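This is what each chain is made of:
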Amino acid sequence: MRTIDLAQPLRRGMPQSPNHPPFRMALERRHGDLLRPDGGSAANEIIVMGGHVGTHVDALAHVSQDGLLYGGLRPADISDHLGFDALGIDTFEPYVGRALLLDVAAVHGVPVLPAGYEITPGDLERAAAGLEPRPGDVLLIGTGWSRHWADATAFIGRERGVPGPGEAAGRWLAGHRPRAVGGETIAFEHLAPGQGHATLPVHRILLVESGVNIVETMKLGELLDSGVREFTLVLNPLPVVGATGAPVRPLALLPDPGPAPGAPAPPAPPGGSAATDGPRTDGGDRS
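Residues numbered from 1 in each chain as written. Predicted model: local features only at pLDDT ≥ 70, side-chain atom pairs only at ≥ 80, totals over all residues. Heavy atoms only, no water.

## Observations concerning the overall build of the protein
Phase 1 of the analysis: What the protein contains, in helices and strands, is 8 helices and 15 strands.
Phase 2 of the analysis: By residue count, 41% of the 287 residues in the protein fall in the buried class.
Phase 3 of the analysis: As displayed, the protein has an accessible area near 14900 Å², and 54% of this comes from carbon and sulfur atoms. (Helix = DSSP H or I, 4+ residues; strand = E, 2+ residues; numbered from the N terminus. Buried < 20%, exposed > 50% of the residue type's maximum accessible area, 1.4 Å probe, protein only. Areas by Shrake-Rupley, 256 points an atom, 1.4 Å probe, with all protein chains shown as cover.)

## A few points about the environment of Glu 159
Phase 1 of the analysis: Mapping Glu 159 onto the fold places it in the loop between helix 4 (152-156) and strand 10 (164-165).
Phase 2 of the analysis: The spatial distance from the C-alpha of Glu 159 to the C-alpha of Gly 116 is 9.4 Å, given a sequence separation of 43 residues.
Phase 3 of the analysis: Among all residues touching Glu 159, those that are not within four sequence positions of it are Pro 193 and Gly 194. (Contact = heavy atoms within 4.5 Å.)

## So, the sheet that holds strand 9 (residues 138-142)
Adjacent strands of a sheet form backbone hydrogen bonds with each other and so pair up, either parallel or antiparallel.
Phase 1 of the analysis: Spatially, the 9 strands line up as an open sheet ordered 1-15-13-7-9-11-12-4-14, and their pairing is mixed. Strands at the two margins of the open sheet, each flanked by one partner only, are strand 1 (2-5) and strand 14 (245-247). Strand after strand, the sheet turns through a mean of 25° between neighbouring axes, direction not considered.
Phase 2 of the analysis: When strand 11 (residues 180-183) meets strand 12 (residues 213-216), the two strands line up parallel, connected through 3 bridges. Looking at the pairing, Gly 182 lines up with Val 215 of strand 12. (Pairing = 2+ DSSP bridges. Axes fitted to C-alpha atoms, helices over the stretch in contact; angles between N-to-C directions.)

Shown next as structure tokens:
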């Protein structure tokens with residue numbers, strides 16, 4: 001079994017939405033600030049961040065439309081300044097199950113989709129060729145955009161836009177009734193050049209209308225390069241009570257590909273070979 005980490009590293013100055021508090025970490029205590037009688041010491045830190053910074057999961061409480069949340073709930077009825085009593089990220093049941101990678105970049109024969117490209121239902125149909133999305137799966141959209149992570153200006157895409165599903169593609173996704181969807185960009189969905197987060201119709205379709213969680217800012221480069229499109233996904237965001245989102249470290253569990261064609265057979269175990277140690281099926285004996 002091969003494990004691929006799908007989370008971006010958390011660090012000061014990393015790319016993020018301007019709508020959320022930035023990530024900050026500082027050592028609160030350094031080694032030597034306090035010494036125990038036996039000479040021992042310890043260091044620790046303080047971390048401040050928003051729930052929608054870095055690789056994270058959007059809770060259903062994150063977005064409302066015309067004053068209503070998923071299920072027709074009114075925010076004022078289920079929340080106060082301490083958070084949400086319902087639809088918060090703490091209500092997300094940990095997921096270990098089937099996931100599909102819809103590699104739209106590969107459909108277009110490029111490692112990274114162009115800035116501002118709007119993914120269509122046709123793109124998703126082509127990326128899903130040979131796969132069978134089932135209700136309850138997690139569907140990940142491959143744009144290649146996480147390859148821009150080291151360039152914050154390009155990754156955020158304020159001027160040139162960001163690739164992602166448009167409204168019609170959002171309805172395609174919702175129509176397959178996934179447990180969650182995920183992608184490599186800050187907002188998951190298409191951002192037109194110069195528009196930023198002015199409107200987010202795919203968030204409305206998924207979170208408010210369909211009850212589908214969204215995973216954003218995933219690191220999918222290694223998974224895209226693997227060529228694997230169906231795998232087991234571990235998805236378990238921090239259960240921050242009442243929060244509208246929380247950090248997550250998704251893990252893709254890929255099956256062992258086995259030996260390459262023409263590779264030599266593995267060595268026999270000590271004390272004998274598989275041919276002599278196993279039961280005989282030809283009626284003979286081992287004398």
